[in-house]
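Now for the letters of each chain:
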Amino acid sequence: MTKTFPVLLASLIAVSTVSAPLQVLAQQGQSLDRIAAIVDEDVVLQSELDRAIINIKAQYAGREGQLPPDDVLSRQVLERLVLVKLQVTRAEGSGIKVSDQELNQALNAIAQQNGSNLDALRQRLAADGVDFNDFRSSVRDEITVQRLRQSFAQSRISVSEGEVDAALKQEATAGTQYHLAHILIALPEGATAEQIATGQKKVDGVKGLLDKGELDFNAAAVRYSDSPNALEGGDLGWRSLDEIPGAFAQMMTGMKAGDVVGPLRGPSGFQLLKLVEVRDASAATTGQTITEYHGRHILIRVNDQQDNATAKAKIDSIRARIAGGAEFEAEAKASSEDTNSKGQGGDLGWFPAEAFGPDFGKQVTGLSDGGVSQPFRTDAGWHIVQRVATRQTDSGTDNKRAQIRETIGRRKLEEEYNRYLQELRGEAYVDLRTPAAAPAAAPAPAPAPAPTKP
């Protein structure tokens, strides 16, 4: 089992701001129920697209010049909504569900963030012409997508001790963090020579616009980037050096705030990277202690090949055998579906309570040393955990390793998940039925410099 690396909940543009002037939608009459896109067996309605576009424009109030033309913006927003539909469908097919209780808790949290309660939020949405059931459904989708990412991280992302050791050797830059933004010109898996040439031409054209000062980086990202964060100006937030792809990391020390490097070819396509600013984020950690747990676990996955009821029946049978005297390690080696720990008898080593997520941590902290939990469900499937031992440890070195492991994991997750989204999109049947769905035109590339004589 890999640790659940924290991921920022990607705000779905359909519900990104409660304060947007959504009452405009109520005046659009018959266009509300027109189909904007067919996504496999689901649809994106024109009302969803309109609402999302209005929300984006509300977020850019006073900065409208950074947004692309309306047809390009509509295309980008529609593509994002298509990806949401595809992720929700895949999550539901993998057994990921959001209960009504969990959804109500999330809605109450949204209301509190807006300085009100749920009834007041419902009234505000109604005043803005937003159906509360639509809003509720959007929030459910948002949580579902987050859990799909978490499940993806647990099943596909691992960080070796060697990778952590290598990152620790970069102590000379310890504490330095970089605020970055990027522009991605995506290439499909197994891109042809013609597709690569088209991508190269487009990224060169974007770089030419930046170099001549005809467009700032954020506006170029919104207009041309194929990254999921394009509508946020390509903002990647603060990163330590070990969170930055190696090809770019080598350039960081020679850059100053405002510099743009690239284009560089990566697994997902061509990228331009901007260094926004640099800061020293080092902080003393000596004298702090944390509780760590040594544990083992057995996982039975819930996925397309195995539904929830089947997985639950398997884990119940395993738990009964352990209660009857079977060795936990032997059962893990024989039956666990976590390939990372199965060979070690389910051994997870030492970890802080929240390392594998709050549900897992709650089970571990509720046991005594030697105790075995009852079966419990997470996004990955059904688990049994055994708490082997407990210790108090200095958070200095160990916590540093945990932080580095987490940052490397976040970087890997971002890269792998973006490729996963491209695969989802490529495999799906998508019929875009809005005029705004035409591809954005690539900017003309900057003229090549005149050749010089040897």
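Refer to the structure printed above.
Residues numbered from 1 in each chain as written. Predicted model: local features only at pLDDT ≥ 70, side-chain atom pairs only at ≥ 80, totals over all residues. Heavy atoms only, no water.

### Some details on the sheet that holds strand 5 (residues 260-265)
In plain terms, the rule: One requirement defines pairing of two strands: DSSP has to find at least two bridges between them. Counting from the N terminus, the helices are DSSP H or I runs at least four residues long and the strands are E runs at least two residues long. For helices, the fitted line uses only the C-alpha atoms of the stretch in contact; every axis is such a line through C-alpha atoms, and the angle between N-to-C directions lies from 0 to 180 degrees.
The four strands lie next to each other as 4-3-6-5, forming an open sheet whose pairing is antiparallel. Of all the strands in the sheet, just strand 4 (235-240) and strand 5 have a single pairing partner and so form its edges. Between one strand axis and the next, the sheet turns by 30° as a mean value, whatever way the strands run. Bridge count between strand 3 (residues 176-186) and strand 6 (residues 269-280): 11 bridges; the pairing is antiparallel.

### Examining the sheet that holds strand 11 (residues 430-432)
With antiparallel pairing, the three strands of this open sheet are ordered in space as 2-1-11. The open sheet has two free edges, formed respectively by strand 2 (42-45) and strand 11, since each of these has just one partner strand. The mean inter-strand angle of the sheet, taken between neighbouring strand axes irrespective of direction, is 20°. One ladder, built from four bridges, connects strand 1 (residues 35-39) with strand 2; its direction is antiparallel. Considered in strand 2, the bridge of Val39 is made with Asp42.

### Some thoughts on the pattern of salt bridges
How we decide: Salt bridge, as used here: a side-chain nitrogen of Lys or Arg that lies within 4 Å of a carboxyl oxygen of Asp or Glu. Relative accessibility thresholds used throughout: buried, under 20% of the residue-type maximum; exposed, over 50%; partly exposed, between the two (1.4 Å probe, protein chains only).
Counted according to the given criterion, the structure contains 19 salt bridges. Close ionic contact of Asp100 with Arg140 constitutes a salt bridge, the shortest N to O distance being 2.9 Å. With a gap of 40 residues between them, Asp100 in helix 3 (residues 100-113) and Arg140 in helix 5 (residues 132-156) connect regions that are remote in the sequence. Here Asp100 falls in the partly exposed class, since its relative accessible area comes to 46%. With relative accessibility at 25%, the residue Arg140 sits in the partly exposed group. Asp316 is the salt-bridge partner of Lys312, the closest N and O atoms lying 2.8 Å from each other. Residue Lys312 and its partner Asp316 are located together in helix 10 (residues 308-323), separated by four residues, close to a single helical turn. Using a relative accessible area of 27% as the deciding quantity, one classes Lys312 as partly exposed. Relative accessible area serves as the criterion here: at 33%, Asp316 is assigned to the partly exposed category.

Bear in mind that shape data such as this cannot, by itself, settle questions of function.
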